[in-house]
Amino acid sequence: MGERADVWQGTLALMVLKTLQALGPLHGYGIARRIEQTSGDLLAVNYGTLYPALLKLEQEGYISSEWGTSDNNRKAKYYKLTRAGRKQLDKEAREWEQTTEILARFLAPGKESA
Amino acid sequence: MRQARSWVLRLGELFRKERREKDLAAEIESHLQMHIEDNLRTGMSPEIARREALTKLGGIEQTKENYRDRRGLPQLETILQDLRYAGRMLGKSPGFTTAAVLTLALGIGANTAIFSVVNGVMLKPLPYRQPERLVSLFLHGRETDRGVMGAADFMALDERQGAFEHVAAISPSTIGLTLTGLGSPQMIPGTSVTSDFFSVLGVQPVLGRAFRPQEGKPGGSLSVVVSHHFWEQFLRADPAAVGSSIKLDGKSYSVIGVLPLDFHFGPHNELWPILQLQPAKQRPPYWLLTVGRLKPGISETQAAADASLIAKQVHQQFPLSDDSSIIVVPLKDLMVGDTGEALLILLAAVGFVLLIAVVNVANLHLSRSGSRIHEFAIRSALGAGRRRLICQLLTESLVLAVLGGLLGLALAYGGVRTILALSQDVLPRMEEITVDGRVLSFTATIAIVTGIVFGLVPAVRFSGLPAGRSLKERSRTAASGRSASRLHGALVVAEFSLALVVLTGAGLLIRTLSQLQSVNPGFNSSHVVTALLTLPRERYANAPQVTSFYQQLLGRVKNSPGVEAASITMSLPPNLLELTNPFHAEGKPDTPGQPAPAIGEIPVGTDYFATLGIPLFRGRLFSDQDRSPATHVLVINENMARQYFPDQDPLGTRVQTGEYNPKGEWYTIVGVVGNVKYQGLGEKDQPTMYVPYFDSGWCPWFVREMYVVVRSASAPEKVVSVLQSAALSLDNQLAIAHVRTMDQLLYESVAGSRFRAVLFGVFAALALVLAMIGIYGVMAYSVSQRTHEIGIRIALGAHRTNILQTILREGASLALLGVAIGFVVALALSRTLAGLLFGVQATDAMTLALVAALLLGVALAACYLPARRATRVDPMVALRYE
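Model, not experiment: these values are computed from the prediction.

Cut-offs and rules
Residues numbered from 1 in each chain as written. Chains lettered and ligands numbered in written order. Predicted model: local features only at pLDDT ≥ 70, side-chain atom pairs only at ≥ 80, totals over all residues. Helix = DSSP H or I, 4+ residues; strand = E, 2+ residues; numbered from the N terminus. Rg over C-alpha atoms; globule rule 2.2 N^0.38 Å. Buried ≥ 20, exposed ≤ 12 C-beta atoms within 10 Å, placed from the backbone. Contact = placed C-beta atoms within 7 Å. Expected span 1.5 Å × (residues − 1). Pairing = 2+ DSSP bridges. Nonpolar A, V, L, I, M, F, W, Y, C, P; charged D, E, K, R; others polar.

J.: Whenever I open this one, the overall build of chain B confuses me. Can you help?
T.: When helices and strands are counted, chain B shows 28 helices and 23 strands. Here chain B has a C-alpha radius of gyration of 38 Å; the compact-globule value for 882 residues is 29 Å, and the former is much larger. Once the C-alpha set of chain B is aligned to its principal axes, its extents read approximately 135 × 80 × 55 Å. Buried positions account for 43% of the 882 residues belonging to chain B. A sequence separation of at least 24 residues applies to 83% of the contacts in chain B between residues at least 6 apart.

J.: Got a minute to help me understand helix α24 (residues 751-785) of chain B in this structure?
T.: For an α-helix, 3.6 residues make a turn, and residues three or four places apart therefore share a direction. Compared with an ideal rise of 1.5 Å per residue, which puts 35 residues at 51 Å, α24(B) spans 50 Å between its outermost C-alpha atoms and is within 8% of the ideal. Within α24(B), 27 of the 35 residues are buried, which leaves the element mostly enclosed by the surrounding structure.

J.: What exactly am I supposed to notice about the pairing of strand β11 (residues 289-294) of chain B here?
T.: Two faces, one strand: in a regular strand the side chains alternate between the faces of the sheet. Residues and elements named next belong to chain B. The buried fraction of β11 amounts to five of the six residues, a majority that puts the element mostly inside the structure. Bridging between strand β1 (residues 134-140) and β11 involves four bridges; their strand directions are antiparallel. Across the sheet, residue S136 finds its bridge partner in β11, namely V291. Across six bridges, strand β2 (residues 164-171) lies against β11 in antiparallel orientation. Across the sheet, H166 pairs through a bridge with R293, a residue of β11.

J.: Help me understand the sheet that holds β2(B), please; the structure alone is not making it clear to me.
T.: Sheets are built from strands that pair by backbone hydrogen bonding, the pairs being arranged parallel or antiparallel. All names here are of chain B. One open sheet accounts for five strands, arranged β5-β2-β11-β1-β12; its pairing is antiparallel. In this open sheet, the two strands that pair with only one neighbour each are β5 (192-193) and β12 (325-330). For β1 and β12, the ladder comprises six bridges, and the chain directions are antiparallel. If you follow L139 over to β12, its bridge partner there is I326.

J.: I would appreciate a short explanation of unusual backbone geometry in the present structure.
T.: For residues other than glycine, phi is negative in most cases, and the peptide bonds are mostly trans. All names here are of chain B. P574 follows P573 through a cis peptide bond whose omega is 0°. In this structure, P574 sits in the loop between β14 (563-569) and β15 (580-585). The omega angle of the peptide bond from C699 to P700 is 5°, so this bond is cis rather than trans. One non-glycine residue, Q130, lies in the positive phi region at around 35°.

J.: Where do I start with the interface of chain B and chain A in this structure?
T.: Often the size quoted for an interface is simply the accessible area lost on bringing the parts together. Taken together, the 22 residues of chain B in the interface contact 19 residues of chain A. Going through the elements one at a time, α1 (2-12), α2 (17-41), α3 (46-57) and α4 (60-71) of chain B are the ones with two or more residues in the side of chain B that touches chain A. With seven residues, α2(B) is the single largest residue contributor to the side of chain B that touches chain A. Each residue belonging to the side of chain B that touches chain A can be placed in one class, and the counts come to four nonpolar, ten polar and eight charged.

Okay, structure coming up:
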């Protein structure tokens, strides 16, 4: 166990979308913290990699950004889901579930020996 | 979709970098601050809180760099950066840049110009609706490969064929129609066509209408469709002129339509009168050019098979005629004719010039990047990859190529105009020769390809050098290494062999032209003016009317001051033979199975031979005593006497002359004159018969269109006005046309050869200059690189003439090797020129030797300057230099 898994790109995008759906508009730091917490600290998010991912999602039109003020009265850039982003999240989540289901069947113990 | 959207956004980022940079900095900063605050809250010291936040982020600069890569288009930014750098580098060496751009511009410009011509003449579809379905039809039989049709053939086709939407016949009158009633009488170029002509082409008049079927029937009303230009010039561009009448050849035609401004078919035609064909009583004469529009889905082969069946029926109707089939050729092939081959050869030649230009620029580039080797070593030591360096060099050469291409395009615009001026009556479809989209993409393609080609040579060479070595050795010695100079040498060799090929082609074509111009046409051309006169059938219906007109006209002209002699003729030397006729000599059986030989027969006035200075060898010339209707006499040329009467005196022999002699009259040969060229200066001497124009078998039917020839010491304009006023005083409805001096006709008759010789000559000059610049550049560079070595040699006592010889020998051996290789290539390729040559073999030793000597001389001259510079090297300076 001990080692913490790296996040790969496609998954990171899905996590970002899910986080924004769950928590509503949020800044980059908040998203990073949330992903780390949700993963139960199993994932090492290099916060820096988050920003290109956010930019990519924004260029693709799945999220939009806006400068706002944080709880501590600090200026921060807030990201929120767009309609396209919501649809994309549904789609990717479904695909992800299918993939894991299929893999789970493969890895289920004892089946193939039958 | 999403992909495209993000590409567009990323492209947009190129233009608002600054704002986005600030934005990014602020975002990262706010991220760090929030993280530090959180860390402080957990009790870290400010110092550690900050470090932890930075570590977690993965470094500010890395984050920004990753972000930037995603934000814009890093590849594009690299290219822009390369472009800026290339611009700076080229700006820093204006000499190199100018030389390279000019060289490329010449190469690309010449290619673009010739390609424009090839494109306009050969590649563009014909400017009519669905041109791929347009074809022309020819009789193909024992007597002719590709013969025009008679009225019987065309009318049967028009009536019975099923493979064409429409067919139409064209009467290819070379002369035109006399327009009267609108100012002084004028000859206007025009061609009669049957009623479906415009339906075949799919062309609609812009004003009025095209022909109706009933107008094409005999007895239908005479109508004419006019060109836009004619409408403007003669009908005051008046829309109401449609429906009015004009007088053509003495008959009243109603103007029914005006064609679009850009309509053209064949060379300059202004009038398209209706051609009304009479039902034929016999199959000949053959005089109609037939065109048709294939029905959709019908192939040319099917159409030919279908039409051949109809030709068979026509043959059954006229069993004496040739049993011909019909062949169908694309109309475009007919229009392009045989100019295609010459154009492709020109394109190949100009392609060679471009290759030389490319080699030249590659050489320049190589020398220059040689002196930049240090720079590349440093850049590669600092981490620039091989790919990156190649890209940089390629960008520079592409910038050069694009600049060269743009300038070349400007040259091509001028070049096309010059070519058009030079190619009067040489090229078909001249109206369509323009610099269009296809030409532009051709230019763009060759510019980019040349850029890559000459850029890759130095790029590959220098990017491969190990950085450490070049850094240590410093630039100069590294660049002058053995492999570099071998590469330079190979390029020079290539240049010289290419130049030799182009020069050989030019030499052969120039010799062809000079041979043609020195051909003896068989007559004295100086001080002779010619003009064409057409007598309308209505007013000159019988022989006395025609002969009395000509007698009076020639009488008046001869009596004018300065006129030495004047006469008339149906055919004009050097290349206007109007008619050939089969003949049969008395007492000589025809060779069975072979048609009687058809040779040129020319009705002439009595003084024709005196006017042109054609010598009489035996017997007598025509005289007024021959005017009796029962007298039929002929004068033949020397060639005919030799060919057909080798062992007998032709004088007094009687011959029958073919198709135009229904009564089978016998003609007595009374004289033998010198050979005259009537089928071009390049043709072998042909047998010719002359008949008096007043002969009762010929007059008046065949002699209403005659050339007047006048010998006079006065200025040609004066002779023309004498002729004009004499004609008008006899008949104020006559127009004289096709006014030329004999010398002009001779000059024009070799226009095609001149066109090819001049263009090839220009390309050869370009090739020569480029090769000269090339070898000069390489030798000068080599000398400058070897200053040190030369200095040592001189210091060790080498004589200066030795140095001079060494350098010259080096240059000459490169040139010699190039010339030798070029020799082989030229011998292999010059065969393709054979069809365009006259009086010179494709492998003419003299031309090859001259060309080789010229190239070697040029090479030595180009090497002399650098060689002399080498002898002036001061050993002290050279040695200290290092």
